[in-house]
There are 2 protein chains.
Amino acid sequence: MTGSSAGDLPPPPYRAGEKPRRSLGREAIAREALRIIDAEGIDAVSMRRVAAAFDTGPASLYAHVKNKEALLRLAFDLALEELEPVPVAADDWQAVMLRWSLGVHEMLQRHNDIAKLTFAHIPSGEAMLESTERVLGLMIGAGVPPQVAAWSLDILSLYIGADAYEGWLFGQQFGTDDPVEAEAFFGGIKDYFASLPADRFPYIVGNVAALMEGGGEERFRFGLDMFIAGIASTITR
Amino acid sequence: MTGSSAGDLPPPPYRAGEKPRRSLGREAIAREALRIIDAEGIDAVSMRRVAAAFDTGPASLYAHVKNKEALLRLAFDLALEELEPVPVAADDWQAVMLRWSLGVHEMLQRHNDIAKLTFAHIPSGEAMLESTERVLGLMIGAGVPPQVAAWSLDILSLYIGADAYEGWLFGQQFGTDDPVEAEAFFGGIKDYFASLPADRFPYIVGNVAALMEGGGEERFRFGLDMFIAGIASTITR
DNA sequence: ACCTGAACACCGTTCAAGT
DNA sequence: ACCTGAACACCGTTCAAGT
């Protein structure tokens, strides 16, 4: 029997915490925050919990990020990097804009309530700047007045983020993604509208179906189409 | 000297806490929450602080409201009551819709970041139901397809709330309402855009002014006008 | 039904002290 | 520069006990 058989030896003390303790750093911290957002949403992110993933206390994070808000912004920037670049050679600006909008919307939906972080976020990442440049160029190239193009980009971003965030909130109001519960929730609202006195609220009562229809993707697409058509109408040839 | 001269008597003990201790109740609690929102914003509202205004502890509130979220919703409903009713006899639906939108936007701006509570809020108050009925009626009466009218109302509300919320957030990013600080903040962004390599980002660099112009009310109005025009274009006569 | 004190299980951030 | 334990000043919500 030699010392090389370590099977029944207690682990040496300096190896007790051997699990590959991840080292800190801006990106590692932001990535952990994004992981928590994906799993449980923004409210589940706390400095303590992020720090715990690195086997340390919350104070350690402050050497890398200014505060919690900055950490969440970094996590959002990571998510932005998932976006596919806008194709360079594309002439149909309306189709490009629609596809880009749907892509952003889908990305936001993949990350729980991350859309809440889109508000007042000024694009600074490389990828976002490039998308902005492309879409702006396509619009102006097609004859959209520059001021209209600039405002349209802002408003479009606002609409995409707001719709994604609202969609998440509605999802929260009936626990899980259970479609049965969703039906019960929206059905309850429908019944409420339908139960209003028809003499005082004829249009609401008479259009209950339309008011509840396609609360999700369909309504979003409708708004998108109408907005893009609105931009197109500003082109004077 | 009779007992009726109370000037030099110590206050009787049962009058020690005489200050007219406000009694609890759903509305009183919600009104206090709204007061705090107006003064310091939503994040300043805490169960403890609201309770303190009634000289009691946070547990007392739970006899009146389910939880903090419900309390904030009640506060928002109070703010909604400030809205002026949509005029009954009005034929120009586009003007009515524009005025109503601006009214809601202004109300939200009066209450700090209360716009954050507009997301996923289903109108239930008397006043809001009546506005919905009127605007819906005006649109449908003018020939807008019911489904378009219903979706448009949703999207319009989303846009109004999102813009107001984003406006508040931008206001936060430079401490107070100091226009000098605001100029420095937006000037910094402008300089950043202008400093990008012009060969890679020709459209951004070439349209810095348009990208920064009228970040506030002007851009909001533009989006509103375009959206209402979009609705109008769905009328087939 | 309404109200309360105390407790539970958390927060974000700062600070002095270490390396 | 980076990391840490401990502390500060808070949170929302629950619960047993009171009226």
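Residues numbered from 1 in each chain as written. Chains lettered and ligands numbered in written order. Predicted model: local features only at pLDDT ≥ 70, side-chain atom pairs only at ≥ 80, totals over all residues. Heavy atoms only, no water.

1. Looking at the overall build of chain A
No. 1: Along chain A, the regular secondary structure elements total ten helices and zero strands.
No. 2: Considering chain A as a whole, with its 237 residues, one finds that 45% of them fall into the buried category.
No. 3: Expressed as a percentage of contacts within chain A between residues at least 6 apart in sequence, the contacts between residues at least 24 apart total 70%.
No. 4: On chain A, roughly 12,300 Å² of surface is accessible, and the fraction owed to carbon and sulfur atoms is 55%. (Helix = DSSP H or I, 4+ residues; strand = E, 2+ residues; numbered from the N terminus. Buried < 20%, exposed > 50% of the residue type's maximum accessible area, 1.4 Å probe, protein only. Contact = heavy atoms within 4.5 Å. Areas by Shrake-Rupley, 256 points an atom, 1.4 Å probe, with all protein chains shown as cover.)

2. So, helix α5 (residues 126-141) of chain A
Residue and element names in this part refer to chain A.
No. 1: Its 16 residues place the ends of α5 22 Å apart at the C-alpha level, agreeing with the 22 Å of an ideal helix rising 1.5 Å per residue.
No. 2: By the burial criterion, the buried members of α5 are Met-128, Leu-129, Ser-131, Thr-132, Glu-133, Val-135, Leu-136, Gly-137, Leu-138, Met-139 and Ile-140.
No. 3: Once α5 ends, the next one or two residues include Gly-143, with phi positive near 105 degrees. (Expected span 1.5 Å × (residues − 1).)

3. Some details on the domain arrangement of chain A
Residues and elements named next belong to chain A.
No. 1: You can read the domains of chain A as domain 1 (13-80) and domain 2 (93-232).
No. 2: Computed from C-alpha atoms alone, the centre-to-centre distance between domain 1 and domain 2 is 31 Å.
No. 3: With 15 residues of domain 1 at the contact, the number on the domain 2 side is 13 residues.
No. 4: On the domain 1 side of the interface with domain 2, the three residues burying the most area are Ile-42, Phe-76 and Leu-80, jointly 48% of the side's total.
No. 5: At the boundary of domain 1 and domain 2, one finds five residue pairs in polar contact (both at pLDDT 80 or more).
No. 6: Sort the elements by how many residues they give to the side of domain 1 that touches domain 2 and helix α3 (residues 68-80) lands first, with seven residues. (Domains from an automatic or database assignment. Buried area = accessible area lost by both parts, 1.4 Å probe. Polar contact = N/O pair within 3.5 Å; in protein donor to acceptor, adjacent residues only side chain to side chain.)

4. A short note on helix α4 (residues 93-110) of chain A
Residues and elements named next belong to chain A.
No. 1: Taking 1.5 Å per residue as the helical rise, α4 with its 18 residues ought to reach 26 Å, and the 26 Å between its terminal C-alpha atoms agrees with that figure.
No. 2: The set of residues buried in α4 consists of Trp-93, Val-96, Met-97, Leu-98, Trp-100, Ser-101, Leu-102, Val-104, His-105, Met-107 and Leu-108.
No. 3: On its buried side, α4 packs onto α3, α5, α6 (146-172) and α10 (217-232).
No. 4: Looking one or two residues past α4, Asn-112 carries a phi angle of roughly 55 degrees, positive in sign.

5. A look at the interface of chain A and chain B
No. 1: Across the boundary between the two partners, chain A contributes 55 residues, which contact 55 residues of chain B.
No. 2: Interface of chain A and chain B: buried area, both sides summed, is about 5,000 Å²; carbon and sulfur atoms make up 73% of it.
No. 3: Summed over the three residues of chain A that lose the most area to chain B, namely Glu-133, Trp-151 and Tyr-203 of chain A, the buried surface amounts to 14% of that side.
No. 4: Viewed at the interface, chain B and chain A are joined by six salt bridges.
No. 5: If you look at where chain A meets chain B, you find 14 residue pairs in polar contact (both at pLDDT 80 or more).
No. 6: Among the elements of the structure, α5, α6, α7 (179-194), α8 (202-206), α9 (208-212) and α10 of chain A are those that each provide at least two residues to the side of chain A that touches chain B.
No. 7: Ranked by residues supplied to the side of chain A that touches chain B, first place goes to α6 of chain A with 16 residues.
No. 8: By residue class, the composition of the side of chain A that touches chain B is 33 nonpolar, twelve polar and ten charged. (Salt bridge = Lys/Arg side-chain N within 4 Å of Asp/Glu carboxyl O. Nonpolar A, V, L, I, M, F, W, Y, C, P; charged D, E, K, R; others polar.)

6. Here we look at empty space enclosed by the protein
No. 1: Taken as a whole and judged by the stated rule, the model has one cavity of 30 Å³ or more.
No. 2: Estimates place the volume of the largest cavity at around 120 Å³.
No. 3: In terms of lining, the largest cavity is formed by Ile-155, Leu-156, Tyr-159, Gly-223 and Phe-227 of chain A together with Ile-155, Tyr-159, Gly-223 and Phe-227 of chain B.
No. 4: Put simply, the parts of the chain that give the lining of the largest cavity at least two residues each are α6 and α10 of chain A together with α6 (146-172) and α10 (217-232) of chain B.
No. 5: Counting residues per element, the lining of the largest cavity draws most heavily on α6 of chain A, at three residues.
No. 6: Counted by class, the lining of the largest cavity contains seven nonpolar, two polar and no charged residues. (1 Å grid on protein atoms, 1.4 Å probe; cavity = no way out; pocket = protein on both sides within 12 Å on 5 of 7 lines; lining within 4 Å. Points joined across faces, edges and corners; volume = space filled by probe spheres on them.)

7. Structural notes on the relation of the copies chain A and chain B
No. 1: Overlay of chain A on chain B (RMSD 0.0 Å): rotation 180 degrees, translation along the axis 0.0 Å. The two molecules are tied by a two-fold rotation axis, judged by turn and shift.
No. 2: Here 100% of the contact residues of chain A are again contact residues in chain B; the copies associate through an equivalent surface. (Least-squares fit on C-alpha atoms with pLDDT ≥ 70 in both.)

8. Remarks on the packing of helix α5 (residues 126-141) of chain B against α6 of chain B
Residue and element names in this part refer to chain B.
No. 1: For the pair α5 and α6, interaxial distance at closest approach is 9 Å and the crossing angle is 140 degrees. In terms of orientation, α5 and α6 fall into the oblique class. Seen from above, α5 lies across α6 with right-handed handedness. For the pair α5 and α6, contact is made by Thr-132, Val-135, Leu-136, Met-139 and Ile-140 and by Pro-146, Ala-149, Ala-150, Ser-152 and Leu-153, respectively.
No. 2: When grouped by side-chain class, the residues that make up the contact of α5 with α6 number eight nonpolar, two polar and no charged. (Axes fitted to C-alpha atoms, helices over the stretch in contact; angles between N-to-C directions. Parallel < 35°, antiparallel > 145°, perpendicular 65-115°, else oblique. Left-handed = near helix turned anticlockwise from the far one by under 90°.)

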